[in-house]
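# Observations on chain architecture
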Amino acid sequence: MKTPDWDDLRFFLAIAEHGGLGAAARALGVEHTTASRRIDALEAGLGLRLFDRLPKGWAITAAGAELLPAARRVEADMMALLRQATQADAVRGLVRIAAPPALCAWLLAPALARQRARHPGLEIELVADRRTADLGRREADLAVRYLRPAAPALAVRRLCDMDYGLFGAPDYLRDCPPADWEFLGYADGLDGLPQQRWLEEYAAGRPFTLRSNDLGSLLQLAISGAGLAVLPRMLARAAGALAEAPVACPVVRPLWLVLHDDVRKSARVRAAADLVAEAFDPRT
């Protein structure tokens, strides 16, 4: 017995379904002689007669009827394989992802590097952007944002809830008593951020020695021992070299993944969106 050719099985199923050689050939878009030849080859390989060639048409034999359910399962598995292969092949090309610089550098970039082998045809361009990328103008395909947009043309997916803590260098927290703590805060009109408002209240008049409009700079200042900064715990843990002060910080901010409706059905964009979601999944 020879292994059947999948194409021969297709002809077997078509004739069984349509009840005759001519109807099956028309459904498959081939000549009836081609269909007949493929059935002959399948019968020869299996060593079984699958159809009786009668003057009024072809009739499936008992042996053919017995094989029919298995052939249908093979067809279903083959169709599933082809769908999966088509989808995998479609996950290729360029996807631009915009994210705040610190999240881009410390969380997103390392995660995407680890996940890269899953979609070798995917090209990712990371846009470390302090402003809001205009998805409508295709400045990016995906964007990670702290604020949920209200524009109706944008699809939004909640990535996670980012909780905050007060962090500094381990030596700083060990050697400096709380009464002498100095703080690192936001500048350039960012004093309205919830984490900055909490820090101003907590500092209660203790000095802010350095300020920045960049979260990554505050992170590096804290690592260097310049003071304490309020940081997303996920970011501080990813950066390392920091210890959390024993202070209860209530700030929690949702993080959103945003994409334009025009691209949300793209296989490459959907694949990239899943990679981004995994990067910010606290369980990973």
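Calculation rules
- Residues numbered from 1 in each chain as written.
- Predicted model: local features only at pLDDT ≥ 70, side-chain atom pairs only at ≥ 80, totals over all residues.
- Heavy atoms only, no water.
- Axes fitted to C-alpha atoms, helices over the stretch in contact; angles between N-to-C directions.
- Helix = DSSP H or I, 4+ residues; strand = E, 2+ residues; numbered from the N terminus.
- Parallel < 35°, antiparallel > 145°, perpendicular 65-115°, else oblique.
- Left-handed = near helix turned anticlockwise from the far one by under 90°.
- Contact = heavy atoms within 4.5 Å.
- Nonpolar A, V, L, I, M, F, W, Y, C, P; charged D, E, K, R; others polar.
- Buried < 20%, exposed > 50% of the residue type's maximum accessible area, 1.4 Å probe, protein only.
- Lys, Arg positive; Asp, Glu negative; His and termini not counted.
- Salt bridge = Lys/Arg side-chain N within 4 Å of Asp/Glu carboxyl O.
- Polar contact = N/O pair within 3.5 Å; in protein donor to acceptor, adjacent residues only side chain to side chain.
- Core = buried A, V, L, I, M, F, W, Y, C linked by side-chain atoms within 4.5 Å.
- Pairing = 2+ DSSP bridges.

## So, the packing of helix 1 (residues 6-18) against helix 2 (residues 21-28)
Two numbers describe how helix 1 lies on helix 2: the axes approach to 8 Å, and their chain directions differ by 120 degrees. Taken together, the axes of helix 1 and helix 2 are oblique relative to one another. Seen from above, helix 1 lies across helix 2 with right-handed handedness. Of the residues in helix 2, those touching helix 1 at Arg-10, Phe-11, Ala-14, Ile-15 and His-18 are Leu-21, Ala-23, Ala-24, Ala-27 and Leu-28. Looking at the contact of helix 1 with helix 2 residue by residue, the classes come out as eight nonpolar, one polar and one charged.

## Some thoughts on the side chain of Arg-206
Secondary-structure assignment places Arg-206 in the loop between helix 7 (194-203) and strand 8 (208-212). For the buried Arg-206, which has no salt bridge, the nearest side chain bearing the opposite charge is Asp-180, at an N-O separation of 8.2 Å. In this structure the side chain of Arg-206 is engaged in a polar contact, spanning 2.6 Å, whose partner is the backbone oxygen of Pro-178. At 3.0 Å, the side chain of Arg-206 forms a polar contact with the backbone oxygen of Tyr-202. Residue contacts for Arg-206: discarding those within four places in its chain leaves Pro-178, Ala-179, Trp-181 and Phe-183.

## Focus: unusual backbone geometry
A positive phi is found at Ala-204, a non-glycine position, where the angle reads about 50 degrees. For Ala-204, a relative accessible area of 64% gives the class exposed. Here Ala-241, not a glycine, exhibits a phi torsion of approximately 60 degrees, which is positive. Mapped onto the elements of the fold, Ala-241 is located in the loop between helix 9 (233-239) and strand 10 (243-244).

## A word on the nonpolar core
Judged by nonpolar contacts, the single largest core of 65 residues is most densely connected at Leu-142, Met-162, Leu-166, Trp-181, Leu-255, Val-276 and Phe-280. Not counting chain neighbours up to four residues away, the residues in contact with Trp-181 comprise Leu-166, Tyr-172, Leu-173, Cys-176, Tyr-202, Arg-206, Pro-207, Leu-228, Ala-245 and Val-247. With 19 residues, the next largest nonpolar core counts Trp-6, Leu-9, Phe-11 and Leu-50 among its residues.

## Brief notes about the pattern of salt bridges
Should the charged atoms of two oppositely charged side chains come close, the side chains can pair. In this structure the tally under the stated criterion is 13 salt bridges. Of the charged contacts in the structure, one is a salt bridge between Arg-96 and Glu-125, with a shortest N-O distance of 2.9 Å. With Arg-96 in strand 3 (residues 93-99) and Glu-125 in strand 4 (residues 122-128), the pair connects residues that are 29 residues apart, well separated along the chain. The exposure class assigned to Arg-96 is partly exposed, which follows from its relative accessible area of 23%. In this structure, Asp-163 and Arg-233 form a salt bridge, with 3.2 Å as the shortest nitrogen-oxygen distance. One end of the pair, Asp-163, is in strand 6 (residues 154-168); the other, Arg-233, is in helix 9, and 70 residues separate them in sequence. For Asp-163, a relative accessible area of 31% translates into the label partly exposed. Note on Arg-233: relative accessible area 13%, which makes it buried. Linked through salt bridges whose partners overlap, the residues forming this network are Asp-40, Glu-43 and Arg-53.

## Description of the pairing of strand 6
Across nine bridges, the pairing between strand 6 and strand 11 (residues 252-260) is antiparallel. Its bridge partner being in strand 11, Met-162 is matched across the sheet by Arg-253. Pairing geometry for strand 6 and strand 9 (residues 228-232), over four bridges, is antiparallel. Within the sheet, the bridge partner assigned to Gly-165 lies in strand 9 and is Leu-231. As paired strands, strand 6 and strand 10 are joined by two bridges and run antiparallel to one another. For Gly-168, the partnering residue across the bridge sits in strand 10 and is Ala-243.

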